[in-house]
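# Working through the structure, step by step
Each chain is listed here by its residues.
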Amino acid sequence: METQIIQVSRERPDPSVFRRAGEILKAGGLVAFPTETVYGLGGNALDPAAARRIYAAKGRPCDNPLIVHIADMDDLPAIAGPIPEGACRLAEAFWPGPLTMIFPRKDMVPLETTGGLTSVAVRFPSDEIAQELIRCGGGYVAAPSANTSGRPSPTTAAHVAEDLGGRIDMILDGGPVGIGLESTIIDFTDGTPTILRPGYISPAMAEEILGEVRIDPGLLIEDPAVQPKAPGMKYRHYAPKAEMMIVEGSQEAVTEAIRDKVRRDIETGILSGILASEETAHMYPEGVVRIAGSRLNEEEIAHNLYAVLREFDDSGVQKIYSEAFDTPKMGQAIMNRLLKAAGRHVLKV
Ligand code: TXA
Ligand code: MG
């Protein structure tokens, strides 16, 4: 299959492009598109065959449910409910935006889309290109991140083409995304609202609206008996090709430990990479050094993280040492992705 890649302007969107993309979705085809978090791989959320095509294109296990994207609050009650009062307030505060909420599923959503679950994840993205596509595609677009399963999520159209070129109908190229990490997921099906995946909307931001918010114990505890509730969070999802280790401690101890390890690798003929910050990059004279961003700008670190992991894949390094990035607001989301990429391999120094 030939994948059409089409540049889309946010300032002057071409209606004929969205009409064509919408027709592809209505006919059961797949269109990748930008959102404010990462690029999504869209298919008609109400069409079981489209859901199956999404799983096949990504190589994703079909018990890992998809998020249904909407572009109008009035479209929510047909697919999900009852919607608790707290969720309405959260929607008012953060929708459209980088927040996904989980509710009981209505029958209109096929079980193929929800990976067999009786709940459904819903998101109203703020990106105008995403919204226009959803409207033209019939109002309900199922979209996982548009990467091959097991690769870092795509933050540019080029990343999508790298992974899914030839396997999907169309890619709408709206340039690099804004945030760079997937949406925060909050579950409303089980008593106290529970964060199943950390993201740009931090626990403190959600607590301000909801009062009490829990964090899924499966995200915090390293125990195979306590599994994360979001099926996708249990896979080693954001896996770079190289073996990765996170080094945690004071800045001096971390840079010294990484320098030592890289030197020892060189002696044994291993090329290794270092995921550093602007402040520390110059402290590594050897190895393939990549900068996620400045420690004073956590949004920049989140924005660059996946692109840097992909660069390591292409650079042929066999090992990656990453500094820890426990930044104040998005640190939990950044470290959650890094820990998964590293298969929870952490060295404390
Ligand atoms: O920012 C985002 O959310 C992006 C963009 C494209 O919107 N989408 C995204 O989708 O990250 P995906 O499929 O890569 O991740 C969805 C996560 C998975 O971990 C999945 O297991 C979980 O959401 N999920 C979906 N529906 C669920 C449900 N009903 N119950 C629990 N977890 C669910
Ligand atoms: Mg994903």
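That block above? That's the structure.
Description of the structure in this document. (Residues numbered from 1 in each chain as written. Chains lettered and ligands numbered in written order. Predicted model: local features only at pLDDT ≥ 70, side-chain atom pairs only at ≥ 80, totals over all residues. Heavy atoms only, no water.)

What follows is about the overall build of the protein chain. Across its full length, the protein chain holds 10 helices and 16 strands. Relative to a compact globule of 349 residues, whose C-alpha radius of gyration would be 20 Å, the protein chain shows 20 Å and is just as compact. Across its three principal axes, the protein chain shows a C-alpha extent of roughly 60 × 50 × 35 Å. In the protein chain, 69% of the contacts between residues at least 6 apart in sequence involve partners at least 24 apart. When the accessible surface of the protein chain is split by element, carbon and sulfur atoms take 52% of a total near 14,200 Å². Counting 35 positive and 48 negative side-chain charges, the protein chain places the centres of these two groups 4 Å from one another. (Helix = DSSP H or I, 4+ residues; strand = E, 2+ residues; numbered from the N terminus. Rg over C-alpha atoms; globule rule 2.2 N^0.38 Å. Contact = heavy atoms within 4.5 Å. Areas by Shrake-Rupley, 256 points an atom, 1.4 Å probe, with all protein chains shown as cover. Lys, Arg positive; Asp, Glu negative; His and termini not counted. Charge placed at Lys NZ, Arg CZ, Asp CG, Glu CD.)

The next thing to look at is the site of ligand 1. In the vicinity of ligand 1, 26 residues are found, and the nearest of them are Thr 37, Asn 64, His 69, Ser 183 and Gly 232. Within the side chain of Ser 119, a nitrogen or oxygen atom sits 3.0 Å from a nitrogen atom of ligand 1. At a separation of 2.5 Å, an oxygen atom of ligand 1 approaches a polar side-chain atom of Ser 183. Put simply, the parts of the chain that give the shell around ligand 1 at least two residues each are strand E4 (67-69), strand E6 (119-123) and strand E10 (194-197). Ranked by residues supplied to the shell around ligand 1, first place goes to E6 with 3 residues. A per-class count over the shell around ligand 1 returns 14 nonpolar, 8 polar and 4 charged. (Near = heavy atom within 4 Å. Polar contact = N/O pair within 3.5 Å; in protein donor to acceptor, adjacent residues only side chain to side chain. Nonpolar A, V, L, I, M, F, W, Y, C, P; charged D, E, K, R; others polar.)

Take helix H4 (residues 128-136) next. Every buried residue of H4 is accounted for by Ile 129, Ala 130, Gln 131, Leu 133 and Ile 134. In this fold, the buried residues of H4 make contact with helix H1 (15-26), strand E2 (31-33), E4, strand E7 (141-142) and strand E8 (170-173). Among the residues of H4, the N-terminal cap falls to Asp 127, whose side-chain oxygen and the backbone nitrogen of Ile 129 are separated by 2.7 Å. Looking one or two residues past H4, Gly 138 carries a phi angle of roughly 110°, positive in sign. (Buried < 20%, exposed > 50% of the residue type's maximum accessible area, 1.4 Å probe, protein only.)

Let us now look at the sheet that holds strand E16 (residues 346-348). Ordered by their spatial adjacency, 5 strands build an open sheet running E14-E13-E15-E12-E16, and the pairing between neighbours is parallel. Among the strands making up the open sheet, the edge pair consists of strand E14 (288-291) and E16. Going from strand to strand, the sheet's axes swing by 25° on average, the running direction of each strand aside. Where helix H8 (residues 251-267) meets the sheet, it contacts strand E12 (243-248), strand E13 (272-276), strand E15 (319-323) and E16, and its direction lies at approximately 170° from that of E15. Where helix H10 (residues 331-341) meets the sheet, it contacts E12, E13, E15 and E16, and its direction lies at approximately 135° from that of E12. (Pairing = 2+ DSSP bridges. Axes fitted to C-alpha atoms, helices over the stretch in contact; angles between N-to-C directions.)

With that out of the way, let us pick up the environment of Pro 84. In this fold, Pro 84 is placed in the loop between E4 and helix H3 (85-94). In this structure the C-alpha to C-alpha distance between Pro 84 and Thr 189, which are 105 residues apart in sequence, comes to 9.2 Å.

To continue, consider the pattern of salt bridges. On inspection of all chains with the given rule, the structure shows 21 salt bridges. A salt bridge links Arg 310 to Glu 162, with the shortest nitrogen-to-oxygen separation between them at 3.0 Å. One end of the pair, Arg 310, is in helix H9 (residues 298-315); the other, Glu 162, is in helix H5 (residues 157-164), with 148 residues separating them in the sequence. For Glu 162, a relative accessible area of 45% gives the class partly exposed. As a salt-bridge pair, Asp 163 and Arg 310 come within 2.9 Å of each other at their nearest N and O atoms. (Salt bridge = Lys/Arg side-chain N within 4 Å of Asp/Glu carboxyl O.)

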